[in-house]
Structures are given as C-alpha cells and as structure tokens.
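As a plain string of letters, each chain reads:
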Amino acid sequence: MRQAASAMSVSSLLRYTIRLERKHVATHLVQQRALSGAEAVNALRPFYFAVHPDFFGQYPREREVNENSLKRLNGYLDNLQKPGSRSLQPMKFTFYVRDTKDSSDVQPDLLTSGFRSVSFTLHTNDVLSTVMNVLKSCSLPMEHMRGLTASTETSKRPPEVGVPFYRPIKWDKSYYSFTGFRDPEQELQQARRVEPTLSLWLRNNDTEATKKHNASLPRREELNRLKKDLCHKFHLADIRWQRSWGVSHRCCQLQSLSRLSQQNPEALVNLQGHTVVFADQSGMNASGHVILGTMDVHHQWTKLFQQLSSYRSLHQQTEWLKERISLLLGGAQVIHVESLGPVQPITEHYSTLSTFHKSLMSRRLHLHPRSLQGLTMLLENDRSTPTLHETGHFIIPTNCDPPKLQVFLQSHATEARQRTQHKNKLHAEEEAVVRQCLQNLSLRSLSKEPSVSSSQMISCCRRLVEQRPPLMQGLHICVSHFYSVMQDGDLCVPWDWKS
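## As for the overall build of the protein chain
Now for step 1: Assigned secondary structure in the protein chain consists of 15 helices and 14 strands.
Now for step 2: The buried share of the protein chain, taken over its 499 residues, is 40%.
Now for step 3: For the protein chain, the share of sequence-separated contacts (at least 6 apart) that also reach a separation of at least 24 residues comes to 67%.
Now for step 4: A total of about 28,000 Å² of accessible surface is found on the protein chain, and carbon and sulfur atoms cover 51% of it.

## Here's the deal with the pattern of salt bridges
Now for step 1: Applying the stated criterion across every chain yields a total of twelve salt bridges.
Now for step 2: Where R225 meets E222, a salt bridge forms, and the shortest distance between an N and an O atom there is 3.0 Å. A residue pair is termed a helical-turn pair when its members lie 3 or 4 positions apart in one helix, as R225 and E222 do in helix α9 (residues 198–233) at three residues.
Now for step 3: As a salt-bridge pair, R363 and D401 come within 3.1 Å of each other at their nearest N and O atoms.

## Details of the sheet that holds strand β14 (residues 491–494)
What links the strands of a sheet is backbone hydrogen bonding, and the strands pair in either a parallel or an antiparallel sense.
Now for step 1: Overall, mixed pairing links the four strands, which are arranged β11-β12-β14-β13 in an open sheet. Each edge of the sheet is formed by a strand with only one pairing partner; in this case those strands are β11 (445–448) and β13 (484–485).
Now for step 2: Bridge count between β11 and strand β12 (residues 476–480): four bridges; the pairing is parallel. Bridge pairing in β12 links L446 to I477.
Now for step 3: In this fold helix α15 (residues 454–467) packs onto β11 and β12, with an angle of close to 145 degrees to the strand it touches most, β11.

## Section: the state of the cysteines
Now for step 1: A complete count under the given rule lists zero disulfides for this structure.
Now for step 2: There is no disulfide at C461, and the cysteine sulfur nearest it, in C437, is 4.1 Å away.
Now for step 3: Its relative accessible area of 0% is what places C461 among the buried residues.

## Notes on unusual backbone geometry
Now for step 1: For H235, which is not glycine, the phi torsion reads 55 degrees and is therefore positive.
Now for step 2: Following the sequence through the fold, H235 ends up in the loop between α9 and β3 (238–241).
Now for step 3: Its identity is not glycine, yet R468 carries a phi of approximately 45 degrees, on the positive side.
Now for step 4: Mapping R468 onto the fold places it in the loop between α15 and β12.

What counts, and where the lines are drawn
Each chain has its residues counted from 1, running along the sequence as written. In view of the model being predicted, local features appear only for residues whose pLDDT reaches at least 70, and side-chain atom pairs are presented and counted only at 80 or more, with totals across whole chains, interfaces and linings using the full set of residues. Note that water and hydrogens are dropped before the side-chain values are worked out from all heavy atoms of the structure. Think of it this way: any DSSP run of H or I at least four residues long counts as a helix, any run of E at least two long counts as a strand, and we number them from the N terminus. Classification of residues uses two cut-offs on accessible area relative to the type maximum, computed with a 1.4 Å probe and protein chains only: under 20% is buried, over 50% is exposed, and between them is partly exposed. In what follows, a contact means two residues having at least one pair of non-hydrogen atoms within 4.5 Å. Per-residue and other accessible areas follow the Shrake-Rupley method at a 1.4 Å probe size, with only the shown protein chains counted as cover for residues. Any carboxyl oxygen of Asp or Glu that lies within 4 Å of a side-chain nitrogen of Lys or Arg is treated as forming a salt bridge with it. A strand pair is defined by DSSP finding two or more bridges across the two strands. Lines fitted to C-alpha atoms define the axes here, with helix axes fitted over just the stretch in contact, and angles between the N-to-C directions of these axes take values from 0 to 180 degrees. Counting rule for disulfides: a pair of cysteine sulfur atoms within 2.5 Å.

As far as function goes, none of this settles anything; it's purely spatial.
And the structure:
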C-alpha cells in the first residue's frame, strides 16, 4: 500500500510539474511572440529528430539532401532574427522525413526504406510562422505549439511578476517513461550502438566495393587522361569539381569540354593559366577560378571564355582592394575560403570589398601598420556582429562600424594568433598522419569530407595505423560520419569507427 501511495504521489507530482512547466512556457511565449533562436530550436525538435542526417547513414544521397537543406533552413531562420530584416525571398526545401511513430501509425506515402520525401516553400516574415509551416508541411506533431499564435497586441503586454524566465527544456528520463513518448537522445544513442565495427563492415562490403572499383577502372583511366590532356593543351593550372560527383559524371564533363576544344579551339585560348572548376553556374569565383556550369551548353561556355578579360580585370581590382584594406587594418588580410560556403561570384566579392573599403575610408582607423600582420578575416554581408572563428580567422560584417571594429580586432588579436597557430599545427599533424596511413595500410587514396575536422581526422588515422584493420589494402577511403559504398567503389567510413 505504501509503495502504491508513493507511486501515486510521484506520478501526481510529475503531472503537476509538467503542467506547471508547460503553463510557464506557454505564458512566456504568448508574451514574447517573436521566438528566439533557442526557442525555435526547441520548437523544431520533432522536426530535427525526423530529418537528422545521423539517422541516414545507410542512405548517402538522402543524408546529403537533408544536410544541405538543414544548412539552408538554419540560414533562413538566422536571417529572420537579424535586426531590421526585411521580407525574404521564397525558398524551396526538400527533406527526407523518418517515421518516428509506432508501426501501426505508418503513413501510406512512406518509402520502403522507412522515410518519405517532403518538399515545401517558405515565404514567411517571422520565426514563429516559419516553425509552424515546417512542422505542418512535414506532418509532424504541433501540440507543443499551442498558445504560440497569440496576437501581436498580447505580445506587447509587460511580463507578469513571478513568471520564470523560459529556457529550452531538456526533459528528465522519467518524463519519457511516464508519458510513453520516445526519447530522441536515447534513440540516437541506440542507432549509434547498433553501428557495426569497422572490421565487420569491411568484411561485409569488401566484395561489393571491389566489384564496383574494378568496374570503374576504365573510367578512372579515361578521367585522368582527359584531365592531363586538357591541362597540357591549354596550359591550365588545374581542373577541379565543386561537388563529389562520381567518376562517370566527371568524365562526361571533361568529354564535353574536350569536344568544344576540338570544334572551337580558339575559344579555350583565354583559359591559359586558369584553374577550371565544374559547378552549378558559369562565371568566375572570388578566387579567380573559371567556373563552368554543368547544366550549361557549349554556347554559354564560349560566351564566358570571351568575357574572361573583363573578369580578370575585375579580379585584379579585388586584389587591389584587399591590399588597400590590409593597409588600413594593420596588415590583416581579407580571404575567401570556398570550402567554408557556396561559390561566391567575383562580382559579388568585388561589391562586398568595395562597400567595406568605403566604410573604412569614411572613418580612418588608428592601427599600427603591422599590428595585425598574419591575421585573416572573412567578410559577410548578412552578419550583424564581428566574431572570431575557432580556427583563428575573424568573421566581419561588411557594414561593421569602423571604431567598434578596431576595438574588436585589437582585443581579440592575441587569441586569434593562438588559434591560428593551433590550426596550423593541427593541419601539419593531419598531413603527416594521412601520409603514414597511406603508406602503412597501402591505401590508394585517403580523403575526408569538409565537415570532418582536423582533430577528428587525426584521431581516425591514428587508430587506423595502430589497429591496422584488415581488408583495407588498395582501397579508396573517405573519412566521413557514416558507412557507405559509393558508386565507384570508394568507401566512406565514420571518423569515430568502432574497433
């Protein structure tokens, strides 16, 4: 009887606590109609749980779609929260949504793999509407959003005395036991626990990888031949690809460029000395590389080649602006790293540099000519405050107030140098351990995804060298966050693989 009474009292207390906390949450959110970033993340928790890329390890294509769409959605939400933000352009999103319900509630449009494709367009002006649209479009529960659609007038009332400050909720494990709801953190841990060891996965997939790799050998040889011939014939610095396209796709792109060179060799003369990058749209990027859109036809490529002299002139002007900005900022250099974001056209880069230079010239700073020598910065149009990145470079808003910028740079210069030195040390260590891996394990190639940090790559490679998993000789390995056999026989392995 005592145990029953005790259980009853615990249950009653838990019910009361949940009701009280929900009431406080709802009361606060009614008073504050504009959701903060933390509140938006908490409100979108069912959505993140349904589309998180970690749950799509066996489906690399769907994982990549969700990863890219999440980046764009987070950018959309960030722009909505910026002060003075105006109406955003409509943006279309596609997600693969996992089924997070019991098997009896499986929806008819689910694919056999256990997830469904959902596409929707956002054209909202506030975070609350955006969150509601996302949840509704994905047919996800919205009960926790009740009370958030209060009128603007209500949001202007002063907060009541005694209402606690709202913070994102991380429920105790007893909450899920009592309510019967699934614990997303526990499910993610379970998904990771059932992940096979590296040796077991290699044994299970070695045959398939070898078969695909052998089938791709003629295409790989053709790809290398085409690349070498084009670089030699037109004195190209290099040929690269923006995306991780397969060997067949890359061969088709080089074959198309080769045909154009045979039909109209004069058109490619202007490419001499340039690096050619195959990407989504044609033009020149901020680094001065010639971008060839893979969906464009020969006529559009030829037109671009004819305009290269103008593009080169614009690139020279951007380099001049960078030098002027560096003189004004004590020797700090403006850089642009393509791997940190999408391709930035040279015209947009020039406009950003010009705006920033004019801002600095309007109110001259008092910095020693070499006080910030060796430091680097990225310029961003859609940022409101300057920050220091973990790898040591500054991220500066284009419209940053010059006096405030001077104070920020001077106060963070020492820490920026320390972080830069640490980054350089990690890069050198990473290069050394990758070379050791290639040699000791007799790998054909060893690369990593951009999302894998240097620290993660170093940890992965050290463990590979120490434990020497079998069946790795002669393979193309890409260190990632999941296991996968790619279409050309390359293997993706998670950086934190299990031994």
